[in-house]
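Here is what each chain is made of, one letter per residue.
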Amino acid sequence: MTSKPIAYDQARNTLGPKEKIGQLFMPAAFINDSEEEIQKLELLIQEQCIGSICFFHSRASAATNFEGKKQVEFNTKSFEVLKQRIVRYQKAAKYPLLIAIDAEWGLAMRIENTPQYPYAISLGAIQDGPELIFEVGKHIANDCKAAGIHWNLAPVVDINNNKNNPVIGYRSFGEDRSLVTKKASAFNKGTQSEGVLTSIKHFPGHGDTATDSHLGLPLIEKSKETLVANELYPFQELIKEGVDSVMIGHLSVPSLADGKKTPSSICKKIITGLLRTEMGYDGVVISDALNMHAVAQQYPVKGQLEWLAFDAGNDVLCFAEHIAEGIETIARNASNAQIENAFARVWKLKEKAFSNIPKVAPQLSDGTLLNRKIALHSLTMIKGTETILQRFRETAFKVFGNIPNANNGFLNAIGAGQSINVLKKDSEMAPDLPVAEKGQPMVLALFPPQVKPNNTFGFTENELNDINTLILENDVVLYLFGNPYCLEHIAFERTKVTVVAYQRFETFQEHAAQHFLGKAKALGKLPIQL
């Protein structure tokens, strides 16, 4: 196991100024890197006294390949490779590294063939107490420890009140400030119960944006009073409870920046003024990834962005790409107090993380039972009644879905041996509309091809037209296995019944089938408005 860091009192007298600055940098590490790239990062860790690294899947994954022009190569052994990479990088470090990852819904967010838990929007539908969400945080923390990860950069506490938000959406617990706060608190406590660090994000609130900060700088033109009452509320309440770190988003919020459009991640007025002074937060502040186009393209001089982010109040510079130049620029411009204060916060966080390292790494969790419970408590009927559904079951209904039988456990379960009609993919040669008489009772199970809203969740215009024609011309009971915002493109108000199941997990399909058959209730509530 990795040795623990030396005590802070010893560290502050042992590390030199540039070594202390190096501890503030968190470069990206990629599970599927080449040997040449691995050695390059090892050398960087050694030479610059790096303090932490954040793992991503590959240089072609969404977190780095913003325009999607590179092909992602999948590796079925990614988890084992991840553990091996962590061991190698720790050996290269003069002082133990903090290892971080984005695991909002589990390691599966970055690593294939690892446990996946429901998205935050699915958890937002649960109306019971916080116990299930506490367990999600606890399970994910267990998996982080199994890999050798100390710091889960989650949960998202953004209040998603913009249906066109291209980057938060399903990653938010919902649009109600109290609900978001309650759910995020439970996730935090579950994670911390296992000794894993968390980070609430993306301060001061990325929910009401229509721009993806990976691609551009979102502008939020709300008054400070409005933001304090809503977007800032979860951050303030969770700070009162105690959080390990706060991640700063790349957002332009003039009302918080003396009318200027400076990105929040490099705005001293927002970080040092608002977060630290007005809101009373004295813990670690971490920037969102500094490679994101919202800021990276604005500062071409190497080291300039790193200095601006540090000077604004960030203690950890995530995904900084010009580390040697950044260290030199900070050393040249920063006061001794700035360096010492940031170093103290980061090192003490490191001590906390390493005080909870288990002697023997645990095994990956089995999320089947927990996911089944979440399916039970999140299923949401947003149109129709149980009585209407009972009468519908007595009709000679047909079943339709947009994915093949092999992956459609829901329709297989309710079809009682009858043939399942699969909606055809978009075609230039033939119409897509399945054969159905008008007025036909039918169950329609929709699985949106993607969870993000770009390109209408992966549906083509023709496919959406066909789906809506089915709904308008027939008596349809609709089950949606995906992001509920997809319903903005579906004529669900013309269905007899619409049920949101949120995830396409097998356990969610099984429970949805039980609901259709009258053997289970829909206990959830939509955490957003349509």
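Scroll up a little and you will see the structure.
Residues numbered from 1 in each chain as written. Predicted model: local features only at pLDDT ≥ 70, side-chain atom pairs only at ≥ 80, totals over all residues. Heavy atoms only, no water.

**A few points about the overall build of the protein**
Stated precisely, the cut-off is as follows: Segments assigned H or I by DSSP are reported as helices when at least four residues long, segments assigned E as strands when at least two residues long, and all are numbered from the N terminus. Using C-alpha atoms as the atom set, the radius of gyration is obtained and then compared with a globule rule of 2.2 Å times the number of residues to the power 0.38. Each accessible area is a Shrake-Rupley estimate made with a 1.4 Å probe; only the visible protein chains count as cover when residues are assessed. Positive charges come from Lys and Arg alone, negative charges from Asp and Glu alone, with His and the N- and C-terminal ends not counted. Charge positions come from single atoms, namely NZ of Lys, CZ of Arg, CG of Asp or CD of Glu.
A count of helical and extended segments in the protein gives 20 helices and 16 strands. Relative to the compact-globule value of 24 Å for 530 residues, the protein shows a C-alpha radius of gyration of 24 Å, a close match. Here the protein has roughly 21500 Å² of accessible surface; of this, 49% comes from carbon and sulfur atoms. Side chains of the protein carry 55 positive and 58 negative charges; the gap between the two charge centres is 3 Å.

**So, the packing of helix α12 (residues 304–312) against helix α14 (residues 336–354)**
Going by this rule: Here an axis means a line fitted to C-alpha atoms, over the contact stretch when the element is a helix, while the angle between two N-to-C directions is reported on a 0 to 180 degree scale. For classification purposes, an angle smaller than 35 degrees is called roughly parallel, one larger than 145 roughly antiparallel, one from 65 to 115 roughly perpendicular, and anything else oblique. Residue contacts are defined here by distance: any two heavy atoms, one from each residue, within 4.5 Å place the two residues in contact. Each residue gets one label: Ala, Val, Leu, Ile, Met, Phe, Trp, Tyr, Cys and Pro are nonpolar, Asp, Glu, Lys and Arg are charged, and the others, such as Gly, are polar.
Put simply, α12 and α14 touch, their axes get as near as 10 Å, and they point 80° apart. What the angle tells us is that α12 and α14 run roughly perpendicular. Together, W307, F310 and D311 of α12 and Q338, I339 and A342 of α14 make up the contact between the two elements. A breakdown of the residues in the contact of α12 with α14 according to their chemical character gives four nonpolar, one polar and one charged.

**Re the packing of aromatic side chains**
What describes a pair of aromatic rings is the distance from one ring centre to the other and the angle between the planes of the rings. Note the threshold: Any pair of Phe, Tyr and Trp rings, taking the six-membered ring for Trp, is counted once the centres come within 6.5 Å. Such a pair is stacked with planes under 30 degrees apart, edge-to-face with planes over 60 apart, and tilted for the rest. Only protein chains enter the calculation, and the probe is 1.4 Å; a residue is then buried if its accessible area is under 20% of its type maximum, exposed if over 50%, and partly exposed in between. A ring is scored as having a charge over it whenever the NZ atom of a lysine or the CZ atom of an arginine sits within 6 Å of its centre and within 35 degrees of its normal.
For the coordinates displayed, the defined rule picks out 20 aromatic pairs. Ring centres of Y479 and F516 lie 6.3 Å apart, and the angle between their planes is 75°; this geometry places the pair in the edge-to-face category. Of this pair, Y479 sits in strand β15 (residues 475–480) while F516 sits in helix α20 (residues 506–516), placing them 37 residues apart in sequence. Here Y479 matches F516 in class, with each residue buried. With a centroid separation of 5.6 Å and 85° between ring planes, the pair formed by F505 and F508 is classed as edge-to-face. Neither F505 nor F508 differs from the other in exposure class; each is buried. Among the aromatic side chains, those forming a connected cluster through ring pairs are F392, F397, F410, F447, Y479, F481 and F516. Sitting above the plane of the Y233 ring, R177 keeps its charged end 3.8 Å from the centroid. We note K348 situated over the ring of Y8; from NZ or CZ to the ring centre the distance is 4.9 Å.

**Digging into the pairing of strand β14 (residues 441–446)**
Looking along a regular strand, one sees side chains alternate from face to face of the sheet. The condition is simple: Strand pairing is assigned whenever DSSP identifies at least 2 bridges connecting the two strands.
With six of its six residues buried, β14 lies for the most part within the structure. Alternating positions in β14 separate into two faces, P441, V443 and A445 on one and M442, L444 and L446 on the other, with burial throughout. One ladder, built from four bridges, connects strand β12 (residues 398–401) with β14; its direction is parallel. Its bridge partner being in β14, G401 is matched across the sheet by A445. Note: β14 against β15, six bridges, orientation parallel.

**Remarks on the pattern of salt bridges**
To keep it simple, the criterion reads: A pair is scored as a salt bridge if a Lys or Arg side-chain nitrogen falls within 4 Å of a carboxyl oxygen belonging to Asp or Glu.
Summed over all chains, the structure comprises 25 salt bridges. A single salt-bridge network, built from bridges that share partners, covers D102, E104, R110, R171 and K201.

**What to know about the nonpolar core**
Considering soluble globular proteins, one finds that nonpolar side chains tend to be buried as a cluster. How we decide: In this description, a nonpolar core means a group of buried Ala, Val, Leu, Ile, Met, Phe, Trp, Tyr and Cys residues linked to one another through side-chain atoms lying within 4.5 Å.
Membership of the largest hydrophobic core comes to 115 residues, with the highest contact counts inside it found for F55, W151 and F203. Among the elements that line this core, the one with the most residues is helix α6 (residues 131–147), at eight residues. Here F55 is in contact with A29, F30, I31, L82, R85, I86, Y89, I99, A100, I101 and R110, once residues within four sequence places are set aside. Judged by nonpolar contacts, the second largest core, of 30 residues, contains W105, Y119, L470 and L526.

**Observations concerning the side chain of N468**
Convention followed: Polar contacts here mean pairs of N or O atoms no more than 3.5 Å apart (in protein, one a potential hydrogen donor and the other a potential acceptor; neighbouring residues in sequence count only if both atoms are side-chain atoms).
Tracing the backbone shows N468 in helix α19 (residues 461–473). You can call N468 buried: its relative accessible area is 16%. A distance of 2.8 Å separates a polar side-chain atom of N468 from the backbone nitrogen of A491. Those residues within four positions of N468 in sequence are excluded, and the remaining contacts are H489, I490 and A491.

**Observations regarding the sheet that holds strand β2 (residues 28–30)**
One open sheet holds the five strands; their spatial order is β2-β3-β4-β5-β6, and the pairing between them is parallel. The strands lining the two open edges of the sheet, one partner per strand, are β2 and β6 (197–198).

**Structural notes on the sheet that holds strand β8 (residues 245–248)**
Across the sheet, which stays open at both edges, the three strands sit in the order β7-β8-β9 with parallel pairing between neighbours. Every interior strand has two partners, whereas the edge strands, β7 (200–203) and β9 (284–287), have only one. Across the sheet, the mean angle separating the axes of adjacent strands is 30° when strand polarity is ignored. Two strands pair when backbone bridges link them, and β7 and β8 are joined in this way by two bridges, in the parallel orientation. Across the sheet, F203 pairs through a bridge with I248, a residue of β8.

**Overview of helix α9 (residues 233–241)**
Short version of the rule: Working note: the arc is built from the helix axis to C-beta atom directions.
For α9, the full list of buried residues reads P234, F235, L238 and I239. Down the axis, α9 shows its buried residues gathered within 130° of arc, on one side only. Elements in contact with the buried residues of α9: α7 (177–192), β7, β8 and α10 (268–278). Immediately beyond the C-terminal end of α9, within one or two residues, lies G242, with a positive phi of roughly 110°.

**Observations regarding unusual backbone geometry**
P155 follows A154 through a cis peptide bond whose omega is 10°. With respect to the helices, strands and loops of the structure, P155 is situated in the loop between β5 (151–152) and α7. For N113, which is not glycine, the phi torsion reads 60° and is therefore positive. Residue N113 is classed as exposed on the basis of its relative accessible area of 56%. Even without being a glycine, D258 presents a positive backbone phi close to 55°. By the element assignment, D258 lies in the loop between β8 and α10. For D258, a relative accessible area of 59% translates into the label exposed.

**Thoughts on the side chain of S245**
Assignment of secondary structure puts S245 in strand β8. A polar atom in the side chain of S245 sits 2.9 Å from the backbone oxygen of T198. Within the local environment of S245, its side chain forms a polar contact with the side chain of S199, the two groups lying 3.0 Å apart. Among residues more than four places away in sequence, those in contact with S245 are W151, T198, S199, I200, Y281, V284 and I286.

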